[in-house]
Amino acid sequence: MAEILANSLRFHVHRLPAADAPGEAGATAVFLHGLVVDNLSSFYATLAVPAARDGHDIVLYDLRGHGRTERPPTGYDTATAVQDLTALLGALGLDTRPVTLVGNSYGGTIALRTALARPDLVAGLILIEAPLSGPWIENMLDTLSVAALDLEGSKVPKELASLGARKAARLTATADELLNRTSLIDDIAAGRVFTAEDFAQLRCPVLAVCGEHSELVPGAEELARHAPDCTIRVLPGLGHDVLQGGTDELRRVVLDRLAAAARPQPDAVTV
Amino acid sequence: MTTDPTAMRILAEITAMLVQTVGDEFLLAEEVTFDTTFNEDLALESIEFVALAELLRQRYGAAADLISFLAEKDMEEILALTVGDLVAHISGTPVSAPAA
């Protein structure tokens, strides 16, 4: 179960079966993490284990090239990320009933792109600090390009490894490979931001969570203006790091949303 | 050191899972005891703990009940656990303390 072949790639997947909750059917939620230095483990203790304890079925996976998933040289555009996710849902048998997608940072961008491309697969979106519109592509490219230059030919990973700082060595080595030996930066540069028309097409309920000081708040506000069913929650005192910096409040918001997703819709009740 | 055969068996199984998860160039099986901590001693990455959790689920199934064991802990607290803490949870009984 840990390794799933989908879209010709071996994905690292971790599923947390819902804890026993007699008489209550939970939601199924698939989590998408952020870029380059992130992987599925950032969700594990923060949201995934608590959600599973609340009776929800949780799927965590490492995005293409990240964590313990295979790292091919190409395919880091959002269209391929959507193909990866839909193939994975199929491989897991989760393409018969729509699921809630929970995306952090760039994972939220992929989640929203998936809801537009395959509305039949997505019951709801929870977007945590997702870059949606505005100059985020340029800003992110600046950051990633500087990091790539710093890492290119650097002996830092080897030096860290020899000092026994294995975790830091792994993290920088992964970042170096993604930034300097895959098409990730070019693929993000070729991406496009969402438009008001995109947001207006969303058919599922959307919850957007932002940090008060984040530069991504205007994008979330634009989403809330145009999407038919969007709630925005701004967490005070935080920037982009809502997941680690505001874990407790974020967890309450996300668990409330999943509980609402799990309740049967009034029009779905049959006699 | 405990001599409880169940705890010893689970320790050996978890050790094998750790070597499988981390790779034997980083972790030698003889380094792992009940007192070994995931973070301080093994420098286990969070993602490696999740991979270990997958192997535990495959081996021990729902009986391992990691969700209630870990539900109140953040990742730092999880990685501060010892292998013995995990063995004790899975065996359902505390690993006996070293003889005085």
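Note that the structure is predicted; figures quoted are calculated from it, not measured.

Asks: Quick question: what am I supposed to make of the packing of aromatic side chains here?
Replies: Two aromatic rings are characterised by how far apart their centres lie and by the angle between their planes. The final tally for this structure, using the stated rule, is 6 aromatic pairs over all chains. Centroid distance F31 of chain A to F43 of chain A: 5.0 Å. Interplanar angle 65°. Geometry classified as edge-to-face. Here F31 of chain A, found in strand 3 (residues 28-32), pairs with F43 of chain A, found in helix 1 (residues 41-53); they are 12 residues apart in sequence, far enough to count as distant. With relative accessibility at 0%, the residue F31 of chain A sits in the buried group. Overall, F43 of chain A belongs to the buried group, its relative accessible area being 1%. Above the ring of F69 of chain B, the side-chain terminus of K73 of chain B is found at 4.7 Å from the ring centroid.

Asks: Looking at this model, I keep getting lost on the domain arrangement of chain A. Mind explaining?
Replies: It is common to give the size of an interface as the accessible area that goes away when the parts come together. Residues and elements named next belong to chain A. What the domain assignment lists for chain A is domain 1 (3-134 + 195-265) and domain 2 (135-192). Contacts between the two partners involve 22 residues from domain 1, matched on the other side by 18 residues from domain 2. Between domain 1 and domain 2, roughly 1,700 Å² of surface is buried when both sides are summed, and carbon and sulfur atoms account for 63% of that area. Looking at the side of domain 1 facing domain 2, the largest losses of area belong to V36, R71 and Y76, adding up to 34% of the total buried there. Seen at the junction of domain 1 and domain 2, the total is 2 salt bridges. When the shortest N-O distance is used, the salt bridge between R192 and D198 registers 3.4 Å. Taken together, the connections running from domain 1 to domain 2 amount to 6 residue pairs in polar contact (both at pLDDT 80 or more).

Asks: What am I meant to see in the sheet that holds strand 3 of chain A here?
Replies: Sheet strands line up and pair through hydrogen bonds in the backbone, either parallel or antiparallel. Residues and elements named next belong to chain A. Read from one edge of the open sheet, 8 strands run 1-2-4-3-5-6-7-8, paired in mixed fashion. In this open sheet, the two strands that pair with only one neighbour each are strand 1 (3-6) and strand 8 (230-235). Between one strand and the next, the sheet's axes are offset by a mean angle of 25°, whatever the strand orientation. Across the sheet, helix 1 touches strand 2 (9-16), strand 3, strand 4 (57-61), strand 5 (99-104) and strand 6 (122-128), and the angle it forms with strand 4 is around 155°.

Asks: Would you mind showing me how to read the side chain of S41 of chain A here?
Replies: With respect to the element layout, S41 of chain A can be found in helix 1. A relative accessible area of 10% places S41 of chain A in the buried class. There is a polar contact of 2.6 Å between the side chain of S41 of chain A and the side chain of N39 of chain A. Not counting residues within four places of it along the chain, the set of residues in contact with S41 of chain A comprises S46, I47, V50 and M75 of chain B.

The rules we used
- Residues numbered from 1 in each chain as written.
- Chains lettered and ligands numbered in written order.
- Predicted model: local features only at pLDDT ≥ 70, side-chain atom pairs only at ≥ 80, totals over all residues.
- Heavy atoms only, no water.
- Phe/Tyr/Trp six-rings, centres within 6.5 Å; stacked < 30°, edge-to-face > 60°.
- Helix = DSSP H or I, 4+ residues; strand = E, 2+ residues; numbered from the N terminus.
- Buried < 20%, exposed > 50% of the residue type's maximum accessible area, 1.4 Å probe, protein only.
- Lys NZ or Arg CZ within 6 Å of the ring centre and 35° of its normal.
- Domains from an automatic or database assignment.
- Contact = heavy atoms within 4.5 Å.
- Buried area = accessible area lost by both parts, 1.4 Å probe.
- Salt bridge = Lys/Arg side-chain N within 4 Å of Asp/Glu carboxyl O.
- Polar contact = N/O pair within 3.5 Å; in protein donor to acceptor, adjacent residues only side chain to side chain.
- Pairing = 2+ DSSP bridges.
- Axes fitted to C-alpha atoms, helices over the stretch in contact; angles between N-to-C directions.

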